[in-house]
Amino acid sequence: MIPAKFDYVKPASVADAVRALREGGDDAKIIAGGQSLLPVLRLRLAAPSLVIDLGGIPELRGIREDGDRIAIGAMTSYYDILRDDLVTQHVALLAQATETVADNQVRHRGTLGGSLAHADPAGDLGAPALALDAEMVIAGETGTRTVPAAEFFVDYFTTAIGEGEILTEIRFPKYTGWGSHYEKFNRTAQAWSMCAVAAAVRVEGGTIAEARVGLTNMGTTPIRAAGVEQALIGQPASAEAIRTAADRATEGTAAPSDADAAADYREHLARVLTGRAVLAAAG
Amino acid sequence: MAQVRVTVDGVNYADDVEPRTLLVHYLRERLGKTGTLVGCDTSNCGACTVHLNGQSVKSCSVLAVQADGGEVLTIEGLARDGKLHPVQEAFNEHHALQCGYCTPGMIMQAVDLLGDNPDPDEREVREGIEGNLCRCTGYQNIVRAVQSAAQKMKPGATADAQTPASVAGGGN
């Protein structure tokens with residue numbers, strides 16, 4: 001299939017991109033890496049009148065240390081995230097989730113910002129961003145604002161990015177020395193997550209001191225497994241204690257039923273995968 | 001219309017294209033590079049894999065205008081001076097194809113993989129080509145061919161073996 005006709009601009013700065021978005025009106029659409037948008041355009045599930053390519057704005061790409069944060073440009077590719085020492089050292093969970101996304105070709109083109117802005121509940125980067133309390137830097141006509149991940153994911157394919165705004169940077173607190181793991185369940189190598197769990201824990205002398213757990217595809221947005229986190233704190237990092245805490249993984253979820261899995265099966269998966277993810281993270 | 005200036009298999013092109021033109025259609029229909037195939041048209045199969053600026057991409061999921069200013073390598077540009085690339089030779093030697101439809105994309109992804117990991121074990125080869133489907137299910141010989149090519153491409157293995165980085169225009 002060939003996409004419906006659209007106009008195309010490739011601005012050289014964020015300010016120009018924001019202007020193009022404002023002038024393009026309701027039918028303008030941002031393209032980042034295009035690995036979600038192009039399939040949608042090809043299937044003609046969307047037909048924007050204007051496509052604004054962020055590929056010509058170098059400052060949106062790259063990873064840097066900014067005090068107690070790791071700041072990742074929205075246009076940074078999965079491939080670059082996977083090969084970055086700052087990410088490996090301070091935000092390992094992000095790399096672990098990124099590694100499971102699609103395949104090599106898609107990871108060359110796909111971007112962190114594109115994935116988060118697209119906000120597919122089956123996407124793998126929302127759960128770690130939420131669990132790790134990332135902050136989203138959003139640029140608009142009047143400047144930039146910062147939105148915590150907990151307020152960023154609003155609904156199915158819907159985020160706090162407003163009309164005329166662009167996600168420019170994602171900032172992660174450092175989790176240096178934490179253990180982490182992303183446990184993904186899907187049917188074939190490059191398939192979307194039926195359910196997945198992002199877990200990071202800090203273990204002190206065999207006891208879980210802090211825990212962060214996020215769930216993929218257990219509702220219309222990524223979901224923080226707050227009940228599991230609370231239940232883990234102060235517990236020994238043992239299989240039995242972790243499995244008991246993991247039983248709370250479905251609290252606050254609204255698992256979808258679709259061709260891949262029924263809701264009750266997803267709930268079963270969430271409990272089992274949470275146990276596996278936390279155990280691997282604590283190991 | 002938008003203008004795209006791109007180097008494909010070492011030749012410079014400048015063309016006016018509709019912005020909606022997919023890179024794979026530009027390569028096949030405008031430039032006649034029909035060695036790159038359209039398979040699933042849904043980003044799954046990898047038959048359309050080419051290198052863009054030294055990295056493998058699915059050319060059905062890239063707009064031609066996104067390649068503007070860039071360098072594209074297709075299966076048709078892989079051989080040098082009439083001599084097949086070591087990965088092409090290995091696919092031949094190990095019968096790593098049955099119907100052949102996935103072969104151009106499979107080879108382009110294998111060359112990319114070996115650029116990142118010159119000595120992959122079997123699991124790493126399988127993960128490296130996870131975005132390329134062989135509907136004949138002929139993966140065994142494909143994996144053997146990629147590992148054989150890796151051995152032949154090792155520095156000093158043969159006098160004229162090229163490294164994937166030199167073929168892919170600088171790698172990553």
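Residues numbered from 1 in each chain as written. Chains lettered and ligands numbered in written order. Predicted model: local features only at pLDDT ≥ 70, side-chain atom pairs only at ≥ 80, totals over all residues.

Some details on the overall build of chain B
Okay, step 1: Across its full length, chain B carries 6 helices and 5 strands.
Okay, step 2: Order of helices (α) and strands (β) in chain B, N terminus to C terminus: β-β-α-β-β-β-α-α-α-α-α.
Okay, step 3: For a compact globule of 172 residues, the expected C-alpha radius of gyration is about 16 Å, and chain B comes in at 15 Å, within 12% of that figure.
Okay, step 4: When its C-alpha atoms are laid out on the principal axes, chain B stretches across 45 × 35 × 25 Å.
Okay, step 5: Out of the 172 residues belonging to chain B, those deemed buried represent 49%. (Helix = DSSP H or I, 4+ residues; strand = E, 2+ residues; numbered from the N terminus. Rg over C-alpha atoms; globule rule 2.2 N^0.38 Å. Buried ≥ 20, exposed ≤ 12 C-beta atoms within 10 Å, placed from the backbone.)

Here's the deal with the interface of chain B and chain A
Put simply, an interface is often sized by how much accessible area is lost when its parts join up.
Okay, step 1: At the junction of the two partners, chain B supplies 24 residues and chain A supplies 25 residues.
Okay, step 2: Those elements that provide at least two residues to the side of chain B that touches chain A are strand E4 (55-58) and helix H3 (103-116) of chain B.
Okay, step 3: At 4 residues, the largest contribution of residues to the side of chain B that touches chain A is made by E4(B). (Contact = placed C-beta atoms within 7 Å.)

A short note on the nonpolar core
Okay, step 1: The biggest cluster of nonpolar side chains holds 93 residues, and the ones touching the most others in it are A:Val201 and A:Val278.
Okay, step 2: The leading source of residues in this core is helix H12 (residues 263-282) of chain A, at 8 residues.
Okay, step 3: Counting 50 residues, the second largest nonpolar core, distinct from the first, contains B:Val24, B:Val72, B:Leu97 and B:Val146. (Core = buried A, V, L, I, M, F, W, Y, C linked by C-beta atoms within 7 Å.)

So, the sheet that holds strand E13 (residues 207-216) of chain A
Picture the strands of a sheet paired through backbone hydrogen bonds; they go either parallel or antiparallel.
Residues and elements named next belong to chain A.
Okay, step 1: Ordered in space as E11-E12-E13-E14, the 4 strands form an open sheet in which the pairing is antiparallel. Strands with a single pairing partner mark the edges of an open sheet, and in this sheet they are strand E11 (179-185) and strand E14 (223-224).
Okay, step 2: By the bridge criterion, 9 bridges tie strand E12 (residues 195-204) to E13 in an arrangement that is antiparallel. Note that in E13 the partner of Glu204 across the bridge is Thr207.
Okay, step 3: Its contacts with the sheet put H12 on E11, E12 and E13, and the angle it makes with E12 is roughly 35 degrees. (Pairing = 2+ DSSP bridges. Axes fitted to C-alpha atoms, helices over the stretch in contact; angles between N-to-C directions.)

A look at helix H5 (residues 139-153) of chain B
Residues and elements named next belong to chain B.
Okay, step 1: Here H5 contains 15 residues, and its C-alpha end-to-end distance of 21 Å stays within 8% of the 21 Å for a straight helix at 1.5 Å per residue.
Okay, step 2: Of all the residues in H5, the buried ones are Ile142, Val143, Ala145, Val146, Ala149, Ala150 and Met153. Along the axis of H5, the buried positions cluster into a sector of 160 degrees, meaning they face one direction only. (Expected span 1.5 Å × (residues − 1). Arc of directions from axis to C-beta.)

A closer look at the confidence of the model for chain B
Residues and elements named next belong to chain B.
Okay, step 1: Considering every residue of chain B, the mean pLDDT works out to 92; 91% of them sit at 70 or more.
Okay, step 2: The model gives residues 159-172 a pLDDT under 50, and that stretch makes 33 contacts with residues more than four places away or in other chains.
Okay, step 3: Overall fold confidence (pTM) sits at 0.94, and the ipTM for the predicted complex is 0.95. (pLDDT = per-residue confidence, 0-100.)

Some remarks on helix H2 (residues 86-93) of chain B
Residues and elements named next belong to chain B.
Okay, step 1: Taken together, the buried positions of H2 are occupied by Pro86, Val87, Gln88, Ala90 and Phe91.
Okay, step 2: The inward-facing, buried residues of H2 abut H3 and H5.
Okay, step 3: The first or second residue beyond H2 is His95, which carries a positive phi of 50 degrees.

Some points on the domain arrangement of chain B
Residue and element names in this part refer to chain B.
Okay, step 1: Splitting chain B by domain gives domain 1 (2-77) and domain 2 (86-161).
Okay, step 2: Look at where the C-alpha atoms of domain 1 and domain 2 centre, and you get two points 22 Å apart.
Okay, step 3: At the junction of the two partners, domain 1 supplies 15 residues and domain 2 supplies 11 residues.
Okay, step 4: Of all the elements in the fold, those that place two or more residues in the side of domain 1 that touches domain 2 are strand E3 (49-52) and E4.
Okay, step 5: A total of 3 residues in the side of domain 1 that touches domain 2 trace back to one element, the largest contributor, which is E3. (Domains from an automatic or database assignment.)

Some details on the packing of helix H11 (residues 239-246) of chain A against H12(A)
Residues and elements named next belong to chain A.
Okay, step 1: Viewed as axis vectors pointing N to C, H11 and H12 meet at an angle of 140 degrees, and their least axial separation amounts to 8 Å. On the basis of their axis angle, the class for H11 and H12 is oblique. Pair H11 / H12 crosses with right-handed handedness. Residues Ala239, Ile242, Arg243 and Ala246 of H11 form the contact with H12, whose participating residues are Arg271, Thr274, Gly275, Val278, Leu279 and Ala282. (Parallel < 35°, antiparallel > 145°, perpendicular 65-115°, else oblique. Left-handed = near helix turned anticlockwise from the far one by under 90°.)

Concerning the sheet that holds strand E1 (residues 2-8) of chain B
All names here are of chain B.
Okay, step 1: Pairing in this open sheet of 5 strands is mixed, and the strands run E2-E1-E5-E3-E4 from one edge to the other. The sheet is open, and its two borders are formed by strand E2 (11-17) and E4, each paired with just one other strand. Ignoring which end each strand starts from, the neighbouring axes of this sheet average 40 degrees apart.
Okay, step 2: Bridging between E1 and E2 involves 7 bridges; their strand directions are antiparallel. Note that in E2 the partner of Val6 across the bridge is Tyr13.
Okay, step 3: Here H3 sits on the sheet in contact with E3 and E4, set at roughly 40 degrees to E3.

Some remarks on unusual backbone geometry
Okay, step 1: Look at A:Phe157: it is not a glycine, yet its phi comes out positive at around 55 degrees.
Okay, step 2: Inspection of the secondary structure puts A:Phe157 in the loop between strand E8 (153-155) and strand E9 (158-159).

Quick look at the domain arrangement of chain A
All names here are of chain A.
Okay, step 1: Structurally, chain A comprises domain 1 (7-54), domain 2 (61-173) and domain 3 (184-282).
Okay, step 2: Averaged C-alpha coordinates put domain 1 and domain 2 at centres separated by 19 Å.
Okay, step 3: With 12 residues of domain 1 at the contact, the number on the domain 2 side is 17 residues.
Okay, step 4: Split by residue class, the side of domain 1 that touches domain 2 holds 7 nonpolar, 4 polar and 1 charged. (Nonpolar A, V, L, I, M, F, W, Y, C, P; charged D, E, K, R; others polar.)

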